[in-house]
Amino acid sequence: MLIDHLNRQRLERDAQGLTRLRRVAESPCAPRQVVSQCGHPARELLVFGSNDYLGFANHPALIQALAEGAQQFGAGSGASHLISGHSRAHAMLEGDLATRLETSIPNAQALYFCTGFLANVALLTALGDASATIFADKLNHASLIDGALLARAPMQRYAHRNLSVLASRLEHCATSIKLIVTDAVFSMDGDLADLPALLELAERFDAWLIVDDAHGFGVLGTEGRGSLSHFGLRSERLIYMGTLGKAAGVGGAFVAAHPTIIDWLVQSARSYIYTTAAPPAVAHALRESLRLIGSAEGDRRRAQLQQRINQLREGLAELIATHPALGWRLAESSTAIQPLIVGSNEAALALMAVLDEQDLWVPAIRPPTVPVGTARLRITLSAVHSAKDVQRLVDGLALAARELS
Ligand SMILES: *Cc1c(COP(=O)(O)O)cnc(C)c1O
């Protein structure tokens, strides 16, 4: 019965162009990756799909730090943080992270999590009790939505970046605790939340601002400190979540906030308490990643990334202007996430397939990850893409545009 039930749903999804397939990477995360897919021989693709914005995922210094960490701390943590799994490596990393965020959050402390998904669930369930209301942007990441659904607090979702709707909701909210929750860089659109205006609303209505900076930490702001630094914000009302598997190139996430908030997460967040601590070697490698992010090399890589973003946007704008009938649209994004919105699921898959024939891999993103009718190619850039790589993508898209016209 269950199997029939699932098979029926799978057929429906297939008919809607919603089937999801995995490819297997046979080589490390990098612009050129050897990839295989069920039934086909492995081949080398030029990839525009990772969130490895600084090209750190395969950085020799981080590979070495991971190996050193394993030598020093072993392969696994053995237990959750509150039992016996909290190692010196985790503690040192948390100290480093707190120092990074202190410029934006006075007296910030930091807490390291295995993943960003767990960190968001922890934040929203631990802070969103029955005396709170959660206000969430409609395009927030799935982990923020699910975290809010698990919380006792009711969730009110506001239209994407619509702060006048948010203001009136805050004004009429009767609960004593108000939590505004937003992606800083929206993960499927690449646009930025207006964090200064959101913080102003938080101050005006005695609310707290939870910022998910999965795509900003390491990339934006002075020394890659993230979106809060990018906007020059500083407040005790800020609760910051940064992930460490994207620009930082390794894995995990952290929350930085007022010490009382961090303590409360340790005391009560179930997705922190009831899960095995990440291998300490990972935390050890992340300390090296933080050092790189804040170094001259980090600055160089951020500058390179910005050049590629500008190059790609110019190329795509010209291409779209040449082929208006295709109805392709460039998102309003200044970040490394540059989606090309094509509309239907079928159109996105067809475009992905034409690129695939040219050994270019750009993932098609479809509902429910994005709203129905806005399927897209989510192009992401890395500092280690060359100008030639970006040109090859633009040329490949031009060929596809002619083929699909
Ligand atoms: C990737 C992502 C997360 C989840 O982080 P993981 O460490 O991958 O679990 C959370 N929020 C946003 C906006 C993301 O893009």
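Quick caveat: nothing in here was measured; it's all calculated off a predicted structure.

What follows concerns the environment of Ala89. With respect to the helices and strands, Ala89 occurs in helix 4 (residues 88-101). For Ala89, a relative accessible area of 3% gives the class buried. Each C-alpha atom of the pair Ala89 and Ser268 lies 23 Å from the other, and the pair is 179 residues apart in sequence. Ignoring sequence-local partners within four residues, the contact set of Ala89 consists of Phe73, Pro280, Ala283, His284 and Arg287.

On to a nonpolar patch on the surface, then. A surface patch of nonpolar side chains, about 310 Å² in accessible area, is lined by Leu2, Ile3 and Leu6. Counting through the fold element by element, Leu6 comes out in helix 1 (residues 2-15). By relative accessible area, which is 41% here, Leu6 ends up partly exposed.

What follows deals with the site of the ligand. By nearness alone, 13 residues border the ligand, and Gly116, Phe117, Asp212, His215 and Lys246 come closest of all. Take Phe117: an N or O atom from its main chain is 3.0 Å from an oxygen atom of the ligand. Contact distances for the ligand include 3.5 Å between a nitrogen atom and a side-chain N or O atom of His141. Coverage of the ligand by the protein chains reaches 82% of its 380 Å² of free accessible surface. With 3 residues, the top contributor of residues to the shell around the ligand is helix 5 (residues 116-127). When the residues that make up the shell around the ligand are grouped by side-chain class, the tally is 2 nonpolar, 8 polar and 3 charged.

With that out of the way, let us pick up the pairing of strand 3 (residues 43-47). The pairing of strand 2 (residues 32-36) with strand 3 spans 4 bridges and is antiparallel. Looking at the pairing, Arg32 lines up with Leu46 of strand 3. Linking strand 2 back to strand 3 in an antiparallel pair, the connection comprises 6 residues, with Gly39 at a positive phi of about 85°. In terms of strand pairing, strand 3 meets strand 13 (residues 360-361) through 2 bridges, oriented parallel. Bridge pairing in strand 13 links Val47 to Trp361.

With that settled, the discussion passes to the packing of aromatic side chains. If you walk through the whole model with that rule in mind, you get 4 aromatic pairs. Relative to Tyr272, the ring of Phe113 lies with its centre 5.2 Å away and its plane at 70°, an arrangement referred to as edge-to-face. Linking Phe113 in strand 4 (residues 109-113) with Tyr272 in helix 11 (residues 270-273), this pair joins segments that are 159 residues apart in sequence. Ring geometry for Phe217 against Phe254: centres 5.2 Å apart, planes inclined by 70°, an arrangement best described as edge-to-face. Highlighted residues: Phe217 in the loop between strand 8 (208-212) and helix 9 (227-230) and Phe254 in strand 10 (residues 253-257), separated in sequence by 37 residues. Through successive ring pairs, a cluster of aromatic residues spans Phe217, Tyr240 and Phe254. Taking the ring centre of Trp361 as reference, the NZ or CZ of Arg23 above it sits at 4.8 Å.

Looking now at the domain arrangement of the protein chain. For the protein chain, the assigned domains read domain 1 (23-52 + 298-404) and domain 2 (60-294). Each of domain 1 and domain 2 has a C-alpha centre, and these two points are 28 Å apart. For the domain 1 and domain 2 pair, buried surface summed over both sides reaches about 1300 Å², with 55% attributable to carbon and sulfur atoms. Sorting the residues of domain 1 by area buried against domain 2 places Asn51, Arg302 and Ile337 first, and these three jointly supply 37% of that buried surface. Across the contact surface, domain 1 and domain 2 share 1 salt bridge. Among the salt bridges present, the one from Arg376 reaches Asp189, with a minimum N-O distance of 3.1 Å. Sort the elements by how many residues they give to the side of domain 1 that touches domain 2 and helix 13 (residues 296-322) lands first, with 4 residues.

Within the secondary structure, Ser36 sits in strand 2. Side chain to side chain, Ser36 and Glu26 meet in a polar contact 2.5 Å long. Discounting residues that sit within four places of it in the chain, Ser36 has contacts with Arg23, Val24, Glu26 and Ala42.

Moving on, we come to the pairing of strand 9 (residues 238-243). Most of strand 9 sits inside the fold, with 6 of its 6 residues counted as buried. Here strand 9 shows no split at all, with Leu238, Tyr240 and Gly242 on one side and Ile239, Met241 and Thr243 on the other all buried. Across 4 bridges, strand 9 lies against strand 10 in antiparallel orientation. Looking at strand 10, one finds that Gly242 is bridged to Phe254.

A word on the environment of Arg376. By the secondary structure assignment, Arg376 is in strand 15 (residues 375-380). Note on Arg376: relative accessible area 2%, which makes it buried. Considered as a pair, Arg376 and Ser87 are 289 residues apart in the sequence and their alpha carbons are 42 Å apart. In contact with Arg376, not counting residues within four places along its chain, are Met188, Asp189, Pro339, Leu340, Ile341, Val342, Ala348, Pro363, Ala364, Ile365, Val370 and Pro371.

Rules behind the numbers
- Residues numbered from 1 in each chain as written.
- Predicted model: local features only at pLDDT ≥ 70, side-chain atom pairs only at ≥ 80, totals over all residues.
- Heavy atoms only, no water.
- Helix = DSSP H or I, 4+ residues; strand = E, 2+ residues; numbered from the N terminus.
- Buried < 20%, exposed > 50% of the residue type's maximum accessible area, 1.4 Å probe, protein only.
- Contact = heavy atoms within 4.5 Å.
- Patch = residues over 30% accessible without salt bridge, like charges linked within 9 Å, V, L, I, M, F, W, Y side chains within 5 Å.
- Areas by Shrake-Rupley, 256 points an atom, 1.4 Å probe, with all protein chains shown as cover.
- Salt bridge = Lys/Arg side-chain N within 4 Å of Asp/Glu carboxyl O.
- Near = heavy atom within 4 Å.
- Polar contact = N/O pair within 3.5 Å; in protein donor to acceptor, adjacent residues only side chain to side chain.
- Nonpolar A, V, L, I, M, F, W, Y, C, P; charged D, E, K, R; others polar.
- Pairing = 2+ DSSP bridges.
- Phe/Tyr/Trp six-rings, centres within 6.5 Å; stacked < 30°, edge-to-face > 60°.
- Lys NZ or Arg CZ within 6 Å of the ring centre and 35° of its normal.
- Domains from an automatic or database assignment.
- Buried area = accessible area lost by both parts, 1.4 Å probe.

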